[in-house]
Amino acid sequence: MLHFMRRSLLFQLLIIYLLFVIVVLIGGEAANAVVEMHLRSEVQASDQALAQEIALETNIQLRDTESSLIALGQRVAQAGTPTAITNILHIYQSTRSEVDHVYWLDPLGGLNASWPPGGVAVGSEFSPPDVVARARLATDPVFEVGIAVESTFNAGVIVADPVRDTHGQLIGIIATSLSLVELSEPLGVVVQAQQRLGRQLMISIIDNQGVLIGTPEHNHILQTVVDKLPGAAQALQGRTTSLLGTGSDGQSWLFSAVPIPDANWAVIVQRPAGEALAVITQFHLWLLAATLLFAIGGLLFWLMLLNRVIQPLHTLAIQHQALPTSEQAISVHTTLLAARSDEVGGLARSLVRLEHDGLEKLGELRTLLETSTAVVESLEPRAVVGKIIGEVRRLVDVQAAAVLLPDEQSVLHVLVSDGHSDYYDHALSLSPENVSSSAVLALRDGKPVQKLLSARKSFPAISYDEGFRAVLAIPIISRHVGSVVLLVHRTEPHPFNKNEIDLLLTFANYATLAWEHAVLYERSDERLREVAQENKQLYQQASEEKQKLAAIMGSMSDGLVLTGIDGKVLYANQGASALVDLPSEQLERGSISRLYTALLAVAVNPADCEQALTRIASAETTDHFIEIMQDNQRRAIHLRLFDVIDESEQTIGRGLLLRDVTRERELDEFKTTLLAAVGHELRTPLAAIKGYASTLLQEDVVWPLDDQHSFLQTISSEADRLAQLVSNLLDLSRQEAGLLLLKQAPVSVHDLATRTIARLHHPDTALSVQIPNDLPLVNIDSARVEVVLRNLIVNALVYGNGDVHVTAQRRDTVVVVSVSDNGPGIAPAELAHVFERFYRAQHGHQRRSGGSGLGLAICKAFIEAHGCDIWAESAEGQGTTISFSLPLFDPVLLDTSVIR
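Conventions and cut-offs
- Residues numbered from 1 in each chain as written.
- Predicted model: local features only at pLDDT ≥ 70, side-chain atom pairs only at ≥ 80, totals over all residues.
- Heavy atoms only, no water.
- Core = buried A, V, L, I, M, F, W, Y, C linked by side-chain atoms within 4.5 Å.
- Buried < 20%, exposed > 50% of the residue type's maximum accessible area, 1.4 Å probe, protein only.
- Helix = DSSP H or I, 4+ residues; strand = E, 2+ residues; numbered from the N terminus.
- Contact = heavy atoms within 4.5 Å.
- Pairing = 2+ DSSP bridges.
- Axes fitted to C-alpha atoms, helices over the stretch in contact; angles between N-to-C directions.
- Polar contact = N/O pair within 3.5 Å; in protein donor to acceptor, adjacent residues only side chain to side chain.
- pLDDT = per-residue confidence, 0-100.
- Salt bridge = Lys/Arg side-chain N within 4 Å of Asp/Glu carboxyl O.
- Arc of directions from axis to C-beta.

Q: Would you mind showing me how to read the nonpolar core here?
A: Nonpolar side chains in soluble globular proteins tend to end up buried together. In terms of nonpolar packing, the biggest core is built from 42 residues, with Leu 789, Leu 792, Ile 793, Val 817, Val 819, Phe 884 and Leu 886 touching the most fellow members. Counting residues per element, the ones that place at least two in this core are helix H22 (749-758), strand E24 (778-780), helix H23 (782-799), strand E25 (803-811), strand E26 (814-821), helix H25 (855-865), strand E27 (870-874) and strand E28 (880-887). Excluding residues within four positions of it along the chain, Val 819 makes contact with Leu 789, Leu 792, Ile 793, Ala 796, Val 804, His 805, Val 806, Thr 880, Thr 881 and Ile 882. Grouped together as the second largest cluster of nonpolar side chains are 39 residues, Val 159, Val 163, Leu 187 and Val 258 included.

And the structure:
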């Protein structure tokens, strides 16, 4: 049976026809189901669209009522009197037809005003009361379906909005009642329009409790109908649905329910199922008729096909089951059949022609394959073009061939040629404007162009002069490397036939690929050389940037160490090497632990240093301070650990910055010393002032006038001392800010020194003054310089052994004043710091003397404000001399006030 099926075309077509009929029947049934579902969906979508439009209109109406009620509440809140409130309510109710009543309630729900006025007195409790309770807790309007103020008995949608002042305090509730009858009027209009068209339709709106609040049948309003309307429960849950159910008349109805999301209501559109699905019934009838027509037409078509086509083909197939191969001659049966004039004869003749054409095409394809293989063997453009020309001359009967390449101006020149003279190769130049040229036309139009050459033109073509009489131009189009033109010539004035043109076109396609590969390879080779050159330049730039970066990091005074993820040191600058006294080469060849070991070896407190380094190594902390000894000096080192990340935010290593913060630490200590010293200096005079003042204020003791004068004198002296300390601090700050005001005038140095010494009371000291009387006048602020001289003499008395000398002499354009003592002197290492703020020497009598450490700093500030210098000279055991210069008075300069 299977063998018979394989050999019998008639049986195969019959099986295929039966399968086709089965497939068509199954497809028709499936199409019936799909179309029925589609039609049902369209009906449901139509009803849902109507319900959706009603829901949208209802939602817009509610939102409009909300916004108007909020605006009304703001206006009522601003009204001053009950009469004004009533007028506002009257205007609002008269402009909105859907509003039955509007009410103004107090915060507890009591009725303050309403319109239109009814039988409910002002002050009555608003009903239903749960609307008031919800509105008091809400920030937006609330809805409820019911009867507002029981005496009205009008069913409606009650909308209440809380009205609050600017502080958020509730000042009242504005409420309105929307008539459910008015809400149902648009539904009645739609239903009546459908009835005029002969269609039954019912529309219902229910609230979130399933109560009917909108229907053309007004007597059913406020009835609970959620169980009577299929799909209503799903719509109240926010889902759009369409269901078949039983209507109030006991018949099948289609119910389409759509939610009103903002109000949590639902719209239900219902129509009789027979009316809604009538189009489906009609479709079933049309489908049945089409099925019968298809069955009858298919049977007739099969009988015609069997008699007119299948049986003759079956007979021909049985008689001629095998055709001769290329090596065999045509069979006698085929020759006889080819002699017939009917369709079978035509088929036999077609088979014979097909055999001949097929064998010829196979030969051409074999030749094309051989030539294409030869062309693609090379990747050098000129070599590829040369092979293309050689294979073209082998494929067709031509005496010369050339490939023309356009230059930057699109002028065609010979790239490679064969069979032409040297003059032709150099002289041929075809511009794009030369439309008489077959090569230009072929490249412009993208298709082959052939011409027969003749001498009848005024200017014969150069090809004609070369002896050629026929030319064919074939474009080799390439979108990537530019197009070229293949130009072939023959000496006989015969045009190229279609077979030759098609053969050359097919070969041109292979040649295009070879041409693209060769040119792209040449360009890629050039691009690779350019990329190599660019990479070389980039590498050189990167190397230069690396050298600059290394120079910058190497010149840093702070230590910098860079490590990899594994803790191996990749770089260490000279600052890090100097801190641990290890060469950079030793640090960079080992682990970071070698640096930690070197720091631990010079640490002041090894235990604290080891703990800090452990926390740094484990990344538990990123900042820490350690102290080391270097060159017999204690140094504070700040260690800061940071991550080194790449462009993709990935950590590729870590860095450790070692910074010498010894100077900063000293400055912090100086500030602490200042606070302590200034505090002590302020407490001493304040304590004396307070003590003597309290003594004078005692009422149980009468002090003698001499004692009172002594107490007051002490208070005055201590107050002057306090004022002087504050003045010194202020002057020092002004001088640093450049705002110190000097009142310069001509002054005698001798008189200045005499006056200063007279104000000092040191009877137990030997104070000598050696100032010539003929010294010239100096142009100074005498008050400031007197402070300088007094501070220097007081320092000499405090730090010396009781012998102080004051001298002065002229040097060029200045007068130099010197104050010397016979104390132990100042160490050379400290001599450069004595004029710094808060600095006090570690030798001499400092341990048993007070002071804030600002005296010499103030002296330096005042002298430098005059544009002069102050300096100290000392030797241990030989005393200290502090000298300063003062400017000579120039009579030409009359300006006595300078701001420094």
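Q: Can you help me understand the sheet that holds strand E4 (residues 155-164) in this one?
A: Within a sheet, each strand pairs with its neighbour through backbone hydrogen bonds, oriented either parallel or antiparallel. Here we have 5 strands laid out as an open sheet, ordered E2-E1-E5-E4-E3, and antiparallel in their pairing. Of all strands in the sheet, those with a lone pairing partner are strand E2 (111-115) and strand E3 (142-147), marking the two edges. The average angle at which neighbouring strand axes cross in this sheet is 25°, direction not considered. Against the sheet, helix H5 (residues 180-196) engages E3, E4 and strand E5 (170-179), with an angle of about 45° to E5.

Q: Just to check I follow, could you spell out helix H13 (residues 438-445) for this structure?
A: Residue pairs three or four apart in sequence face the same way in an α-helix, which turns once every 3.6 residues. Taken as a whole, H13 has its buried residues at Ser 438, Ala 439, Val 440, Leu 441 and Ala 442. Considering only its buried residues, H13 is in contact with strand E11 (400-406), strand E12 (412-418), strand E13 (449-452), strand E14 (470-476) and strand E15 (484-490). Between the side-chain oxygen of the N-cap and the backbone nitrogen of Ala 439 there are 3.4 Å, and the N-cap of H13 in question is Ser 437. In the segment just after H13, Gly 446 is the residue with positive phi, at about 75°.

Q: Hey, could you run me through the side chain of Arg 96 in this one?
A: Along the polypeptide, Arg 96 turns up in the loop between helix H3 (82-95) and strand E1 (99-105). What makes Arg 96 buried here is its relative accessible area of 13%. Separated by 2.4 Å, the side chains of Arg 96 and Asp 64 make a polar contact. With residues near it in sequence (within four places) discarded, Arg 96 still touches Asp 64, Thr 65 and Ser 68.

Q: Mind showing me how you'd approach the confidence of the model for the protein here?
A: Residue-level pLDDT values for the protein average 78, and 80% of them are 70 or greater. Low pLDDT, under 50, characterises residues 843-849; the predicted model gives this stretch 14 contacts beyond four residues in sequence or across chains. When the criterion is pLDDT under 50, residues 895-900 qualifies, and its contacts beyond four places in sequence or with other chains add up to 19 contacts.

Q: Would you take a moment to explain the pattern of salt bridges for this structure?
A: Pairing of side chains with opposite charge becomes possible as their charged atoms draw close. With the rule as written, the count across this model stands at 11 salt bridges. A salt bridge links Arg 96 to Asp 64; its shortest N-O distance comes to 2.4 Å. Highlighted residues: Arg 96 in the loop between H3 and E1 and Asp 64 in helix H2 (residues 9-78), separated in sequence by 32 residues. Look at Asp 64 and you get partly exposed, because its relative accessible area is 35%. For Asp 643, the salt bridge is made with Arg 654, and the minimal N-O distance between the two is 3.6 Å. Placement of the pair is Asp 643 in strand E19 (residues 633-645) and Arg 654 in strand E20 (residues 651-660), with a sequence separation of 11 residues.

Q: Would you take a moment to explain the sheet that holds E26 for this structure?
A: Read across the sheet, 5 strands follow the order E23-E25-E26-E28-E27 without closing on themselves; strand pairing throughout is mixed. In the strand order of this sheet, the two ends are held by strand E23 (766-770) and E27, each with one partner. Neighbour-to-neighbour, the strand axes of the sheet open up by a mean angle of 15°, direction not taken into account. The sheet contact formed by E23 and E25 spans 5 bridges and is parallel. Across the sheet, Leu 767 pairs through a bridge with Val 804, a residue of E25. Strands in contact with H25 are E27 and E28; relative to E28, the strand with the most contacts, it is inclined by about 25°.

Q: How should unusual backbone geometry be read in this particular structure?
A: Most peptide bonds take the trans configuration, and most residues that are not glycine carry a negative phi. Residue Pro 116 is bonded to the preceding Trp 115 through a cis peptide linkage, with omega at 0°. With respect to the element layout, Pro 116 can be found in the loop between E2 and helix H4 (129-137). Phi at Leu 222 is positive, roughly 70°, even though this residue is not glycine. In this structure, Leu 222 sits in the loop between strand E7 (212-214) and helix H6 (232-236). Residue class for Leu 222 comes out partly exposed when judged on its relative accessible area of 33%. Unusually for a residue other than glycine, Ser 410 sits at a positive phi of about 65°. In this structure Ser 410 comes out as partly exposed when scored by relative accessible area, which is 41%.

Q: Would you mind showing me how to read the pairing of strand E18 (residues 623-630) here?
A: Consecutive residues of a regular strand have side chains that alternate between opposite faces of the sheet. Where E18 and E19 come together, 8 bridges link them in antiparallel fashion. Each bridged residue has a counterpart across the sheet, and for Gln 630 the counterpart in E19 is Gln 633. Counting the residues between successive antiparallel strands, the hairpin from E18 to E19 contains 2 residues, one of them, Asp 631, with a positive phi of roughly 55°.

Q: I keep staring at helix H18 (residues 592-601) and nothing clicks. Help me out?
A: Along H18, the residues that are buried comprise Ile 592, Leu 595, Tyr 596, Ala 598 and Leu 599. Down the axis of H18, the buried set is contained in an arc of 160°. They therefore lie on one face. In H18, the exposed positions angled more than 90 degrees off the buried face are occupied by Thr 597 and Ala 601.

Q: Help me out: how do you make sense of the environment of Ile 221 in this one?
A: Position of Ile 221 relative to the elements: it lies in the loop between E7 and H6. A sequence separation of 17 residues divides Ile 221 from Ser 204, and the C-alpha atoms of the two residues are 9.6 Å apart. Sequence-distant contacts of Ile 221, defined by excluding residues within four places in its chain, comprise Leu 180, Val 181, Ser 184, Leu 212 and Thr 215.

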